[in-house]
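Understanding the architecture of this molecule
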Amino acid sequence: MRTVLIAACLVAGTLPALAGPTCSPSDSKAQILGSATIGDIHPAWQGRKVGYGWSLQVKREDHDDAGMTYYVGDLYDTHGKLATRNVFALDSEWDCGP
């Protein structure tokens, strides 16, 4: 029984994590944040803007004390290349529709 349990854990550990939606900016002023705080611009994004061709692969949601919702995920450029991992983005600035 113990061997079966260990084998099941090993197999489960090799399965890919389920990804959330892929989103695109719905606002030309969409900010890339370092935390679930409005105005906390991610250090790699100081003075930079994300364009409409960029995408965010959402891993999870987070909330601040005021109840604002943020997406947490990886940001990809217009060519589909990973730009920045584990960024925060205000949900109202991104479109995650079907």
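As a reminder, the structure under discussion sits directly above these lines.
Note that T84 resides in strand β4 (residues 82-90). You can call T84 buried: its relative accessible area is 10%. Side chain to side chain, T84 and W45 meet in a polar contact 3.1 Å long. The contacts of T84, once residues within four sequence positions are left out, are H42, W45, G73, D74 and L75.

In this structure, I32, W45, V50, L56, L75 and W94 are the most contacted members of the largest nonpolar core, which totals 13 residues. For this core, the secondary-structure elements that each account for two or more residues are β2 (55-63), β3 (69-76) and β4. Once residues lying within four places of it in the same chain are set aside, the contact partners of I32 are D40, I41, H42, W45, V50, L75, V87, F88 and W94. By size, the runner-up hydrophobic cluster in this structure holds 6 residues, among which are L33, V72, F88 and L90.

One pass over the full model with this rule turns up 1 disulfide. A sulfur-sulfur separation of 1.7 Å characterises the disulfide bridge that pairs C23 with C96. Linking C23 and C96, the disulfide has an S-S dihedral of approximately 105° and is accordingly described as right-handed. Here the residue C23 occupies a position in strand β1 (residues 22-25), and C96 occupies one in the segment after β5 (94-95), the gap between them amounting to 73 residues. C96 sits in the partly exposed class, given a relative accessible area of 21%.

Attention shifts here to the environment of G97. Positionally, G97 belongs in the segment after β5. Linking G97 and S24, residues 73 residues apart in sequence, is a C-alpha distance of 9.0 Å.

Once that is clear, we can look at the pairing of β2. Each regular strand displays side chains that alternate between the two surfaces of the sheet. Relative to β2, β1 runs antiparallel, the two being bridged by 2 bridges. Within β2, the position partnered with C23 by the bridge is L56. Both β2 and β3 contribute to a ladder of 8 bridges, which runs antiparallel. Of the residues in β3, the one forming a bridge with R60 is V72.

A positive phi angle, close to 55°, is found at N86, a residue other than glycine. Within the fold, N86 resides in strand β4. In this structure N86 comes out as partly exposed when scored by relative accessible area, which is 42%.

Rules and cut-offs
- Residues numbered from 1 in each chain as written.
- Predicted model: local features only at pLDDT ≥ 70, side-chain atom pairs only at ≥ 80, totals over all residues.
- Heavy atoms only, no water.
- Helix = DSSP H or I, 4+ residues; strand = E, 2+ residues; numbered from the N terminus.
- Buried < 20%, exposed > 50% of the residue type's maximum accessible area, 1.4 Å probe, protein only.
- Polar contact = N/O pair within 3.5 Å; in protein donor to acceptor, adjacent residues only side chain to side chain.
- Contact = heavy atoms within 4.5 Å.
- Core = buried A, V, L, I, M, F, W, Y, C linked by side-chain atoms within 4.5 Å.
- Disulfide = S-S within 2.5 Å.
- Pairing = 2+ DSSP bridges.

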